[in-house]
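# A look at the structure
Listed here are the chains, written in short residue letters.
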Amino acid sequence: MTKFTTDVLYTFLKSGAFTSDLSKDTTYMKVDQLPPFNLTLLFADEYGNSSSQRLLGVELVTSGDIYSIQDMLSEQTVSYVAADFTPLMPLNQSSLYGAGASSTVTAPREPLARS
C-alpha cells in the first residue's frame with residue numbers, strides 16, 4: 001500500500017472502535033489488535049472477464065514500512081493469515097446477487113478480434 005502523508009490505516013485505527021486496551025499509554029490501535037474479518041477480492045481484465053475470491057477469518061499479524069530513495073516511494077506492508085478461503089471463480093451477475101439467483105457459471109468472453 002502506498003503511503004502519502006499518513007499511515008494507510010491511520011483513520012481506521014485512530015477511531016479505537018475495536019480497542020479493548022484502555023491503558024493510558026495506548027493512543028492508537030495496532031493492526032494486530034483488530035478482530036478477524038473477511039475480505040472479498042475482485043479481479044477484472046480489459047475484456048470484461050471478472051473473478052472473485054473471499055479470504056475468511058483474516059487476522060493482521062504485522063505492519064512495516066519501506067522507504068525507497070531510488071523509486072521515491074514509501075510503502076506500508078501488512079502481513080496476514082486467513083483461516084480459510086474460497087476458490088477463485090468466474091464472476092457473473094447471478095453470483096453477485098446470490099440469494100435467490102441460480103449458481104450457474106458462464107464461460108469468459110472471447111477477446112475481440114483486432115483489425
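Notes on the structure in this doc start here. (Residues numbered from 1 in each chain as written. Predicted model: local features only at pLDDT ≥ 70, side-chain atom pairs only at ≥ 80, totals over all residues. Heavy atoms only, no water.)

Within the element layout of this structure, valine 81 appears in strand β3 (residues 73-81). Exposure remark for valine 81: the relative accessible area of 46% places this residue in the partly exposed category. A C-alpha to C-alpha distance of 9.5 Å links valine 81 and leucine 56, two positions 25 residues apart in sequence. (Helix = DSSP H or I, 4+ residues; strand = E, 2+ residues; numbered from the N terminus. Buried < 20%, exposed > 50% of the residue type's maximum accessible area, 1.4 Å probe, protein only.)

Counting eight residues, the largest nonpolar core consists of Leu9, Leu13, Met29, Val31, Leu34, Leu55, Val58 and Leu60. Among the elements that line this core, the one with the most residues is strand β2 (residues 50-68), at three residues. (Core = buried A, V, L, I, M, F, W, Y, C linked by side-chain atoms within 4.5 Å.)

Position of glutamine 53 among the secondary structure elements: in strand β2. Of note is the side chain of glutamine 53, whose polar atom sits 3.0 Å from the backbone oxygen of threonine 86. (Polar contact = N/O pair within 3.5 Å; in protein donor to acceptor, adjacent residues only side chain to side chain.)

Turning our eyes to something else, we now look at the side chain of serine 52. Positionally, serine 52 belongs in strand β2. Overall, serine 52 belongs to the buried group, its relative accessible area being 15%. Apart from residues no more than four positions distant in its own chain, serine 52 is found in contact with Leu41, Leu42, Pro87, Leu88, Met89 and Leu91. (Contact = heavy atoms within 4.5 Å.)

A few words now on the pairing of strand β1 (residues 37-44). Across seven bridges, the pairing between β1 and β2 is antiparallel. Across the sheet, the residue bridging to phenylalanine 37 is valine 58, located in β2. What sits between the antiparallel neighbours β1 and β2 is a turn of five residues, in which glycine 48 has the positive phi angle 95 degrees. (Pairing = 2+ DSSP bridges.)

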